[in-house]
Structure formats: C-alpha cells, structure tokens
Amino acid sequence: MSWQRPDGRQPNQLRPVNFELNFTRFSAGSVLAAFGETKVLCTASIEDNVPRFLLGSGQGWLTAEYRMLPSSTQERQRRELLKLSGRTQEIQRLIGRSLRSCIDLKQLGERTITIDCDVLQADGGTRTTSITGGYVALGLAVKKLLKTGDLKNSPLKFPVAAISVGLIEGEAFLDLNYPEDFKADIDFNVVMTENLDLIEVQGTAEENSFNRSQLNQMLDLAEIGIKELVELQNKVLSTTEN
C-alpha cells in the first residue's frame, strides 16, 4: 500500500462515528452526527400539511435542506441567502431522495417532514454524514409521532446510510477525509439500504479513468462501511424513547 492515510486508518476502516441524540430542544428529532472531524447537525421537523400537488391525496412528503455554516471550513464560507449554489441544491436533493426511499409516504399521512442538515465542521463526507445522520433524526421524529398517537404504525421501511469511497494511487479507501478527498483520482458517494441494496451511486473520475474491477473494489468497501453504519443507527435508535 503506497498511500499512507493521514490518520493511520486501514483502507476499509471508518473514521470514529458518533451520534449525539436530542441535540436541540424544539425539533421532533435531532442528532449531532460526527464522522471523524466532520460534524453535521441533523434535525427533523413535522408540519401538518403537504405541498399543493399532494393535497387531498392522503400522502405525506419528506424534503431536505443542506447548508454549510460560515465557520465550517478554514476559510469562511459566505452564507447562501437569496440564491443557493448548484452544489448545495444537488446535495439537498440527494439527501431528500435518499431518505424518501426509506419511508412509506402513504402511511405517513398528509404531513411533511423536513430534514435540515447544517454542517458545523467540514473534513470530507458532509453529504454522506448528512444522509446517515438524517436517517437517525427521521427515526426520532417517527418515534415521536408514534408516542403521541399521531401514527399507529411506523412508516419507516428500512434504514438508509451513505459513505464515501475513493481511489488514491490506484488503491481503494473507505470514508475519505478532506486530504484524501483532495488527493483521490476517483471519488464515489454510495447510498445503500440495510440489505445493501443501492439507492444512489455518485462517482467521478477527476483525472484518470477507472475499470470495472476497481469499481467493484470500491462498492465492496462501501458495503463494509454501510453495514457498520446501519448497526450504529439501529443501536442508538433502540436505546432512546425520544
């Protein structure tokens, strides 16, 4: 192995992952999700209404918003006020698509759940941290609806998690931090279910191309990471009554 990871991890090793539940007071579900030095506050809010195109359908909706705080990176990020950048729009759509895949919107009823993902500190993998933490916040919100009797059965179908993988000097690595993300020739973000079914794969060759064998190596690493993340998600959600 030629590339030495800055933090000494093995190629198939996640950064330390932590979920601090109920981080805020007023949201239906909240978690401070940390993948190493990347920290994202994920909150779930519930409204008893739906977008106009769903009025009278009996179906609910889930959407997501994503922002990076000005001090989340070494150089101050300008706040996106009147117009969102293309990157921000793409990431929040990815989060929304990923989390909608795991919930039965008919069973949710005519209510909207909004997942807000605010990056407090960025060190690579902010979108994957947002999806993985967003599912935990969603799980807490559903628990609240069940506890209050607003729902009789959980609309959640399965856990969803996401992880980054990449090729650096021809070798595959799991859960890239910022120096590795910057160094990588190939960078993938993979979203999977608990059963390791794929929801979305985003992959880009920065300079060099990659072959099917290398793609398989990266997906195999992603499966290792997703298994560990889902286990952690299930563990924290099973130990709280919200």
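Here is what the cut-offs are and how they apply
- Residues numbered from 1 in each chain as written.
- Predicted model: local features only at pLDDT ≥ 70, side-chain atom pairs only at ≥ 80, totals over all residues.
- Heavy atoms only, no water.
- Helix = DSSP H or I, 4+ residues; strand = E, 2+ residues; numbered from the N terminus.
- Rg over C-alpha atoms; globule rule 2.2 N^0.38 Å.
- Contact = heavy atoms within 4.5 Å.
- Areas by Shrake-Rupley, 256 points an atom, 1.4 Å probe, with all protein chains shown as cover.
- Lys, Arg positive; Asp, Glu negative; His and termini not counted.
- Charge placed at Lys NZ, Arg CZ, Asp CG, Glu CD.
- Salt bridge = Lys/Arg side-chain N within 4 Å of Asp/Glu carboxyl O.
- Buried < 20%, exposed > 50% of the residue type's maximum accessible area, 1.4 Å probe, protein only.
- 1 Å grid on protein atoms, 1.4 Å probe; cavity = no way out; pocket = protein on both sides within 12 Å on 5 of 7 lines; lining within 4 Å.
- Points joined across faces, edges and corners; volume = space filled by probe spheres on them.
- Nonpolar A, V, L, I, M, F, W, Y, C, P; charged D, E, K, R; others polar.
- Pairing = 2+ DSSP bridges.
- Axes fitted to C-alpha atoms, helices over the stretch in contact; angles between N-to-C directions.
- Expected span 1.5 Å × (residues − 1).
- Polar contact = N/O pair within 3.5 Å; in protein donor to acceptor, adjacent residues only side chain to side chain.
- Phe/Tyr/Trp six-rings, centres within 6.5 Å; stacked < 30°, edge-to-face > 60°.

Novice: Which parts of the structure should I look at to understand the overall build of the protein?
Specialist: Check the secondary structure of the protein and you find five helices and nine strands. Ordered by position from the N terminus, the helices and strands of the protein form the series β-β-β-β-α-α-β-α-β-β-α-β-β-α. Taken against the 2.2 N^0.38 rule, which gives 18 Å for 242 residues, the C-alpha radius of gyration of the protein at 18 Å falls within 12% of a compact globule. Judged by the C-alpha coordinates and their principal axes, the protein covers about 55 × 40 × 35 Å. In the protein, once contacts between residues fewer than 6 apart in sequence are set aside, the share between residues at least 24 apart is 71%. For the protein, the exposed surface amounts to about 12100 Å²; the carbon and sulfur share of it is 46%. Where the 27 positive side-chain charges of the protein centre and where its 32 negative ones centre are 7 Å apart.

Novice: Would you explain the pattern of salt bridges in this entry?
Specialist: Between side chains of opposite charge, a pair can form when the charged atoms approach closely. A full pass over the atoms with the stated rule returns ten salt bridges. In this structure, E169 engages K183 in a salt bridge whose closest nitrogen and oxygen atoms are separated by 3.8 Å. Taken together, the residues span a long stretch of sequence, with E169 in the loop between β6 (160-168) and β7 (171-174) and K183 in helix α4 (residues 178-183) at a distance of 14 residues. Judged by its relative accessible area of 39%, K183 falls in the partly exposed class. Salt bridges sharing common partners tie together R5, D7, R9, R15, D175 and E180.

Novice: So what exactly am I meant to see when it comes to the layout of surface pockets here?
Specialist: The gaps of empty space that remain are located by a probe, the size of a water molecule, rolled over the atoms. Roughly 710 Å³ of internal volume is contained in the largest pocket. If you trace the largest pocket, you find 29 residues lining it, with R87, G124, T126, Y178 and D181 closest to the centre. Secondary structure elements with two or more residues in the lining of the largest pocket: β4 (61-68), α1 (86-100), α3 (126-148), α4, β8 (186-193) and β9 (198-205). For the lining of the largest pocket, the per-class residue count stands at five nonpolar, 16 polar and eight charged.

Novice: What am I meant to see in the sheet that holds β7 here?
Specialist: Hydrogen bonds between backbone groups are what pair the strands of a sheet, and the pairing can be parallel or antiparallel. Across the sheet, which stays open at both edges, the four strands sit in the order β7-β6-β8-β9 with antiparallel pairing between neighbours. Of all the strands in the sheet, just β7 and β9 have a single pairing partner and so form its edges. Ignoring which end each strand starts from, the neighbouring axes of this sheet average 20° apart. Bridging between β6 and β7 involves four bridges; their strand directions are antiparallel. Of the residues in β7, the one forming a bridge with I168 is E171. Contacting β6, β8 and β9, α1 runs over the sheet at an angle of about 155° to β9. Contacting β6, β8 and β9, α3 crosses the sheet at an angle of about 160° to β6.

Novice: What is the right way to look at α3 in this model?
Specialist: For an α-helix, the turn length of 3.6 residues means that residues three or four places apart are oriented alike. The terminal C-alpha atoms of α3 lie 32 Å apart, and with 23 residues this matches the ideal 33 Å at 1.5 Å per residue to within 8%. Phi turns positive, to about 85°, at G149, one or two residues after α3.

Novice: Sorry, what's going on with unusual backbone geometry here?
Specialist: Negative phi values dominate among residues other than glycine, just as trans dominates among peptide bonds. Phi is positive for N22, which is not a glycine, with a value near 50°. Looking at the secondary structure, you find N22 in the loop between β1 (17-21) and β2 (29-35). A residue is classified by how much of its surface remains accessible, and N22, at 40% relative accessible area, is partly exposed. Located in the positive-phi region is L196, a residue other than glycine, with phi close to 70°. Along the chain, the position of L196 falls in the loop between β8 and β9. Take L196: its relative accessible area is 18%, and that puts it in the buried class.

Novice: When you look at helix α5 (residues 212-238) in this model, what are you seeing that I'm missing?
Specialist: Relative to the 39 Å expected for 27 residues at 1.5 Å per residue, α5 spans 38 Å between its end C-alpha atoms, a close match to the ideal helical length. Its buried side turned inward, α5 meets β1, β2, α3, β6, β7 and β8. Its side-chain oxygen placed 3.2 Å from the backbone nitrogen of S213, N211 serves as the N-cap of α5.

Novice: Mind showing me how you'd approach the packing of aromatic side chains here?
Specialist: For any pair of aromatic rings, the description consists of the separation of the ring centres together with the inter-plane angle of the planes. Inspection of every chain in the model, using the stated rule, returns three aromatic pairs. Measuring from ring centre to ring centre gives 5.5 Å for F188 and F210, while their planes differ by 80°; the resulting arrangement is edge-to-face. With F188 in strand β8 and F210 in the loop between β9 and α5, the pair connects residues that are 22 residues apart, well separated along the chain. Looking at F188, the relative accessible area reads 5%, which means it is buried.

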